[in-house]
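As a plain string of letters, each chain reads:
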Amino acid sequence: MKFHTLSMAENSRPYLDLMAQGAAIRRHVELRDWLQGGVQQYVPHEILITGWGNFDEGCIQHDIVSLLPGVRSYAVGTACLPFLLGRMHDRWAAGGRVPCRMSFTEFRYLLGSSSFPDLFCESLLHMKSALVHGIADARSKSDCVYVFLSASEDSAGGADRAGGEAASLGVLVPVIDAALRQISQLPQQQMQPVVPARSAAEDTTGLSERETQIMAWVAMGKTNSEIGSILSISGFTVKNHMQRIFQKLNVYNRAQAVSKVTRVAVDA
């Protein structure tokens, strides 16, 4: 697909047309058709992931729009999204909160591992690039980040292409944000509450916030060295945390620890 730059300075007609279409959206299917239609020529992508909430505390909700099978907001495997969106939000914020392109391969380690990969994570593993921009809500003191994932590297075009993408995101993301705010969450999403920084399992088991973070990654199949890389601590430090976790939970291995923490969370 040929890439076009959307800029109000040169020609406001395409922007006004897309804005009018976005303003009329009331359902997820309408948003999907709009994103897969006119928006594609300005921001080509296979998956749009939106995250909003308190990124400092990890209280993040999400929405997903895609035509790919199994890539849905309530799909199995989406438990990794608070970690993924948090890291991408941090990178966007550190870069000055302006539209930016990232290599998605840098973030694949956040998807976890499983002997039986689900369709959602399997689809994400095929993504190579991400266009990221966000909206800051000064009233609620929260951010909303938009991640456009593509299976294409899209390295052709150099600086001109990058500048065109930034210009298009700059004018389109506010329109997409307004459209998404007009749509009610799906029933499946409403059944999944936001996980606070301090969980019920943490209160019951006595695990610290750091230990709870580590157990979340252990449950996703991460090794000590991988968890250390994710949390910017050494694998040896993770090992020490695990020993304390075993003592607090009165268990002898990782599988028992995961089972006990999961059982406590369900019963809470």
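Whatever comes next refers back to the structure up there.
The sections below set out a description of the structure shown in this document. All values reported here derive from a predicted model rather than from experimental measurement. (Residues numbered from 1 in each chain as written. Predicted model: local features only at pLDDT ≥ 70, side-chain atom pairs only at ≥ 80, totals over all residues. Heavy atoms only, no water.)

### As for the packing of helix H8 (residues 209-219) against helix H10 (residues 235-249)
Put simply, the test is: What counts as an axis is a line fitted to C-alpha atoms, over the stretch in contact for a helix, and the angles between N-to-C directions run from 0 to 180 degrees. Put simply, DSSP H or I for four residues or longer makes a helix, DSSP E for two residues or longer makes a strand, and each gets a number counted from the N terminus. When an angle is under 35 degrees it counts as roughly parallel; over 145 it counts as roughly antiparallel; between 65 and 115 it counts as roughly perpendicular; any other value is oblique. Contacts are residue-level and defined by heavy atoms, with any inter-residue pair within 4.5 Å sufficient.
Close contact between H8 and H10 brings their axes to 10 Å; oriented N to C, the two are set at 95°. Overall, the two elements H8 and H10 adopt an arrangement that is roughly perpendicular. The segment H8 lies against H10, with Arg210, Glu211, Ile214, Met215 and Val218 engaging Val238, His241, Met242, Arg244, Ile245 and Lys248.

### Let's talk about the pairing of strand S4 (residues 129-137)
The side chains of a regular strand alternate, residue by residue, between the two faces of the sheet. Selection criterion: For every residue, the accessible area (1.4 Å probe, protein chains only) is compared with the maximum for its type, and the residue is labelled buried under 20%, exposed over 50%, or partly exposed between those bounds. Any two strands with at least two DSSP bridges between them are considered paired.
A large share of S4 lies buried, amounting to seven of its nine residues. As defined by bridge partners, strand S3 (residues 100-103) adjoins S4 across four bridges and the pair is classed as antiparallel. Considered in S4, the bridge of Cys100 is made with Val132. Here S4 runs beside strand S5 (residues 142-150); their pairing, made up of nine bridges, is antiparallel. When the sheet's bridge partners are listed, Ser129 is paired in S5 with Ser150. The turn linking S4 back onto S5 is made up of four residues, and Lys141 within it adopts a positive phi angle of 60°.

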